[in-house]
Amino acid sequence: MAAAVTKAADDFRFLHWHLAFPDVMQAGGFDCLLGNPPWERIKLQEKEFFAARSEAIATAPNKAARERLIQALSAEDASEADRALVREFELAKREAEGSGEFIRGSGRFALTAMGDLNTYALFAEHFLNLIGPDGRAGLIVPTGIATDNSTKAFFDGVSSGGRLVSLYDFENRHAIFTGVHRSYKFAVLTLGDKVESTDFVFFATAVNQLADQHRHFTLSTNDIALINPNTRTCPVFRSKMDAELIKKIYRYAPVLIDEALGEEGNPWRVRFHTRLFHLAEDSNLILEEPGDNRVPLYEAKMVHLFDHRWGGYQDDGAISSPSVPQKQNPRYCVKPRYWVESKEFLKRLKSQDWQQAWLMGWRDIGRSTDERTLISTVIPLRAVETSIIALFPKLQERKAPSILLGALSSIVCDYCARQKVGGTHVKLFTIRQLPVPTPSSFRDEDNDFIASRILELTYTSIEMEGWARFLGFCGPPFSFCSERRALLRAELDAYYAHLYGLSRDELRYILDPADLMGPDYPSETFRVLKNNEIRQFGEYRTQRLVLEAWDRLFGG
């Protein structure tokens, strides 16, 4: 595989040849095509180019620093070797840009000639165009052909056009291809014509796992539009049960924002800000000492679910979690690493027309294999850097923000997020396509049940007084009691599961597929949470508390 990826010149010339002589493939098409096309970006990567040529440039901390070092290669006092290196770089850059323009201008790649070009996507579309009416094409390509935002037009085209026969995704953790990194994901893609249903398998680690029918599921064009209406990318599931359960959840709860519907598709009236402050780009505004006219700058590692005091910085720069006794003190505040001027912070809030004494958001870093994936939170009115994405709900109903926070923090919503997060970031387009019941679907008794518990979980510090007053509560902060908080969270998880239309057994599955389907079922949901709690409490406490809450609230 490594040789196929790194020695792609002949394959790439083949693609250029067909572009230059399109009549060659217009004689009815091919019946069968098989290929392992190169996986290479047609864009010069500065870090890769200089990796073996200049360690200083390759290891520069950011793009701006690299560009300064590259410019220095052609300075008046630069050596001839440096000047030769910059000429080599400019030539390679020109060749890459020329290839990109040639491909985009050919008119042959309507679905894949966009954004940063990659040869695997171009070859996939080329094979699609080459096969005849009854033909088939099979390719080995990165799984991103179906899941990445950059290839969504291609995937939408083949899935909605009846051209996608099957897609079998593999993780390379057991070195199916020894020359490819163990973390890489690739897929066996089969294209055809007049396809009525598409067969999917994801997260396979060996070829013989394709024989396990529990791993196979089908998705129609309508299913994809239901789950990912904005991107039309492929939903990713470990098993047939996951696919069926997710489809059921989305039939009960639409996506948070359906972009095609305009304002009607945004019933919670939310807006986002992905970078209120950037540590590098706003370095001139980032301060290392507090002051009368400065506000703390929150980072993702400082917050967690229903907890704005998850972590704080020590005097030596290390971050640690406060103890329970510290959190039981309503006047205890975690120490940030940085501060920003209040004037600049308020200026940026004004651009969002935000006038509340609190902020909502979620941690940008999140993996489907973490204890929890979607870490949403509410904090006092503080500055946030890019590891926290700010969310601004604009509904007039005072309880609405807490209801939305509860939905995004529920274990059901997290389960859905785990099907969508393929890397290490919970991206904005992922949040927009998470299932969230509409505000109108909550009854008054639902709002009262949820809001009272959200209030108790989040109002444990005088810093959150503005949030409590917004919710209409005028009392003092609630005591931070770990056992009580676990019970409240379990009740919320059970309640939201009911609002999402789930049965008790379906909730059991979300908590632990093995509990319902047996230990050999090819899926996992909250394995890390389960293992951590067994080590800490001697049991999977969340599972017990949530199911007990379900039985109290809705009967066994």
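Scroll up for the structure.
Below is a summary of the structure that appears in this document. What you see is a predicted model, and the numbers here were worked out from it, not measured in a lab. (Residues numbered from 1 in each chain as written. Predicted model: local features only at pLDDT ≥ 70, side-chain atom pairs only at ≥ 80, totals over all residues. Heavy atoms only, no water.)

1. Thoughts on the overall build of the protein chain
- Scanning the protein chain for helices and strands turns up 23 helices and 15 strands.
- A principal-axis box enclosing the C-alpha atoms of the protein chain has dimensions of 80 × 65 × 45 Å.
- Expressed as a percentage of its 556 residues, the buried residues of the protein chain come to 52%.
- Counting contacts in the protein chain only where the partners sit at least 6 residues apart, residues at least 24 apart contribute 71% of the total. (Helix = DSSP H or I, 4+ residues; strand = E, 2+ residues; numbered from the N terminus. Buried < 20%, exposed > 50% of the residue type's maximum accessible area, 1.4 Å probe, protein only. Contact = heavy atoms within 4.5 Å.)

2. Observations regarding unusual backbone geometry
- Here Ala 175, not a glycine, exhibits a phi torsion of approximately 60 degrees, which is positive.
- Tracing the backbone through its elements, the reader meets Ala 175 in the loop between strand E3 (164–171) and strand E4 (185–191).
- We classify Ala 175 as buried; its relative accessible area is 18%.
- A positive phi angle is found at Asp 353, which is not glycine, with a value near 55 degrees.
- Mapping Asp 353 onto the fold places it in the loop between helix H13 (342–350) and strand E12 (358–363).

3. With respect to the pattern of salt bridges
- Summed over the entire model, instances satisfying the criterion amount to 40 salt bridges.
- Glu 445 is the partner of Arg 443 in a salt bridge, and the nearest nitrogen-oxygen pair spans 3.3 Å.
- Accessibility expressed as a relative area gives 45% for Glu 445, which makes it partly exposed.
- With a closest N to O distance of 2.8 Å, Arg 484 and Glu 456 form a salt bridge. Of this pair, Arg 484 sits in helix H19 (residues 482–499) while Glu 456 sits in helix H17 (residues 444–458); the two residues are 28 residues apart in sequence, bridging distant segments of the chain.
- Accessibility expressed as a relative area gives 37% for Arg 484, which makes it partly exposed.
- Salt bridges here are not isolated pairs; linked through shared partners, they connect Glu 46, Lys 63, Arg 66 and Glu 67. (Salt bridge = Lys/Arg side-chain N within 4 Å of Asp/Glu carboxyl O.)

4. Section: the sheet that holds strand E6 (residues 217–219)
- Strand order in this open sheet of six strands is E1-E2-E4-E3-E5-E6, and the pairing throughout is mixed. Across the chains shown, the open sheet's two edge strands, defined by having one partner strand only, are strand E1 (30–35) and E6. The sheet shows a mean angle of 15 degrees between the axes of neighbouring strands, taken without regard to direction.
- Bridging between E3 and strand E5 (residues 198–204) involves four bridges; their strand directions are parallel. From the neighbouring strand, Tyr 168 faces E5, where its bridge partner is Val 201. (Pairing = 2+ DSSP bridges. Axes fitted to C-alpha atoms, helices over the stretch in contact; angles between N-to-C directions.)

5. Comments concerning the nonpolar core
- Counting residues in hydrophobic clusters, the biggest one holds 136 residues, and the most contacted among them are Ile 145 and Leu 191.
- For this core, the leading source of residues is H19, giving eight residues.
- Apart from the residues within four sequence positions on either side, Ile 145 is in contact with Tyr 120, Ala 121, Ala 124, Thr 151, Phe 154, Phe 155, Leu 167 and Leu 189.
- In terms of nonpolar packing, the next biggest core, distinct from the first, is built from 10 residues, Phe 49, Ala 58, Ile 70 and Leu 85 among them. (Core = buried A, V, L, I, M, F, W, Y, C linked by side-chain atoms within 4.5 Å.)

6. What about the side chain of Ser 376?
- Considering the arrangement of structural elements, one finds Ser 376 in strand E13 (residues 376–380).
- A relative accessible area of 2% places Ser 376 in the buried class.
- Contact partners of Ser 376, with chain neighbours within four places excluded, come to His 304, Leu 305, Phe 306, Gly 361, Trp 362, Leu 405, Leu 408 and Ser 409.

7. A word on helix H20 (residues 504–511)
- Counting buried residues along H20, six of its eight residues qualify, which places the element largely inside the surrounding structure.
- Those residues of H20 that sit buried are Glu 506, Leu 507, Arg 508, Tyr 509, Ile 510 and Leu 511.
- Among the structural elements, helix H11 (240–252), helix H15 (411–418), H19, helix H21 (513–517) and helix H23 (541–554) are those in contact with the buried residues of H20.

8. Considering the sheet that holds E13
- Judged by pairing direction, the sheet is antiparallel, and its four strands sit side by side in the order E7-E15-E12-E13 without closing on themselves. Strand pairing shows two members of the sheet lacking a second neighbour, strand E7 (270–273) and E13, which therefore form its edges. Sheet twist, expressed as the average angle between the axes of neighbouring strands with direction ignored, equals 35 degrees.
- Taken together, the five bridges between E12 and E13 define a ladder with antiparallel strand orientation. Bridge pairing links Gly 361 to Thr 377 in E13.

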